[in-house]
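Read off the chains here:
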Amino acid sequence: MTRVTDPKAFGRVAVLLGGWSAEREVSLWSGKNVVEAMQRRGIDVTAVDVVNPGILLGLGDQGYDRVFNIMHGTGGEDGTVQAVLDLLGIPYPGSGVLASALAMDKLRTKRIWKAEGLPTPDFALLQDVGDARQAAERFGYPFIIKPAADGSSVGVSKVKSADQIGKAFDDARGPGRVVIAEQFIAGGEYTCFVLGGEALPVIRIEPDGEFYDYHAKYISDNTKYHCPAGLDAEHERRCQEICRRAFELVDGRDWGRVDFMMDAQGNPWLLEINMLPGMTSHSLAPMAARARGIDFDELCWRLLETTLGRKP
């Protein structure tokens, strides 16, 4: 990676935020923090609220030298923005079209991990409520019903009894969504931030609630985060290597966050990858970076540096 000290090296930077997904509000929070960090470092930065896809197509006429995309969820994180930026010839930090689309699709991501021998909870595609009831028989209670796309735990339910299946399926389905059931792994919740090909210190999460849902992630002040996670050195290295490999297998680039569960025997079980991790006050990527001695402003700077000399 090319290291620079002069903010003028980046030229004009657009931070894409907001978007039209269920994670719009989170993206606005993340984008505000990223813009302020760049301003503190003297970068010529403009916040661009992408309220509709047409705004993306106009970026090529605005004179931006590079883009920092922080549009979480559908549109921003699924390869759509990445494809437009590639066509426009505007470089950006983060994964490209293929990796973004794959990571957004939990079903296909899990199929790749399973085929490559990485640990991930058993799963099933759900076409209707009948499939969900069959999944209950297969996995037992509790089990998870969730959308195959979308992030921030939108539409995710922990199903503990048969009478909860119908509502959980409806919550996950939404317009045009693919729904999956997943075996529930009883144990601790963890995440590992991958930056520049390196897996940073693992974070252990104590959610405010039964699992790490939207409220626990972004609203609650009672969710607790532990970094270091309290694992012995060899155990942590093993988890980091599994997460690094999980990121690599979907062709991840520059940065991403891998979430996993740890069962009672200390075995990690991969859940999903977030290719555009949150950059809010509650977010985990900046926390892991701090544990490696990289503050928020420096993290944003390093991500911009990945675009120097890059051709889409």
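To keep things clear, this report deals only with the structure shown in the data block.

Broken down by element type, the chain carries 11 helices and 13 strands. Relative to the 2.2 N^0.38 estimate, which gives 20 Å for 312 residues, the radius of gyration of the chain is 19 Å and therefore close to what a compact globule would have. Classification of the 312 residues of the chain by burial places 55% in the buried group. Looking at the chain alone, contacts between residues at least 24 apart form 68% of all its contacts between residues at least 6 apart. Working note: accessible area of the chain is about 13100 Å², and carbon and sulfur atoms make up 49% of it. Across the chain, the centroid of the 35 positively charged side chains sits 2 Å from that of the 43 negatively charged ones.

Moving on: the pairing of strand β12 (residues 255-262). In summary, the side chains of a regular strand alternate between the two faces of the sheet. Counting buried positions along β12 yields 8 of 8 residues, so the element is predominantly enclosed. Pairing of strand β8 (residues 188-195) with β12 involves 8 bridges; the strand directions are antiparallel. The residue bridging Leu 195 from the neighbouring strand is Trp 255, located in β12. Direction of pairing for β12 relative to strand β13 (residues 268-274): antiparallel, over a ladder of 6 bridges. Looking across to β13, one finds that Val 258 is bridged to Ile 273. If you look at the hairpin formed by β12 and β13, you'll find 5 residues sitting between the two strands, and Gly 266 has a positive phi there, around 85 degrees.

Pro 142 follows Tyr 141 through a cis peptide bond whose omega is -10 degrees. Tracing the chain through its elements places Pro 142 in the loop between α6 (129-139) and β5 (143-147). A cis amide bond links Cys 227 with the next residue in sequence, Pro 228, at an omega value of 10 degrees. Tracing the sequence through the fold places Pro 228 in the loop between β11 (224-226) and α9 (233-249). One non-glycine residue, Asp 251, adopts positive backbone phi at about 70 degrees.

Core analysis: the biggest nonpolar cluster contains 35 residues, and Val 15, Met 38, Phe 68, Phe 193 and Trp 255 have the highest contact counts within it. Of all the secondary structure elements, the ones that give two or more residues to this core are β1 (12-17), α1 (24-40), β8, β10 (203-206), α10 (285-291) and α11 (296-305). Among the elements that make up this core, the one with the highest residue count is α11 (6 residues). Apart from residues lying up to four places away in sequence, Phe 193 is in contact with Glu 198, Ala 199, Leu 200, Trp 255, Gly 256, Arg 257, Pro 277, Ala 285, Ala 288, Ala 289 and Leu 299.

Cut-offs used in this document
Residues numbered from 1 in each chain as written. Predicted model: local features only at pLDDT ≥ 70, side-chain atom pairs only at ≥ 80, totals over all residues. Heavy atoms only, no water. Helix = DSSP H or I, 4+ residues; strand = E, 2+ residues; numbered from the N terminus. Rg over C-alpha atoms; globule rule 2.2 N^0.38 Å. Buried < 20%, exposed > 50% of the residue type's maximum accessible area, 1.4 Å probe, protein only. Contact = heavy atoms within 4.5 Å. Areas by Shrake-Rupley, 256 points an atom, 1.4 Å probe, with all protein chains shown as cover. Lys, Arg positive; Asp, Glu negative; His and termini not counted. Charge placed at Lys NZ, Arg CZ, Asp CG, Glu CD. Pairing = 2+ DSSP bridges. Core = buried A, V, L, I, M, F, W, Y, C linked by side-chain atoms within 4.5 Å.

Just distances and angles here, no functional claims.
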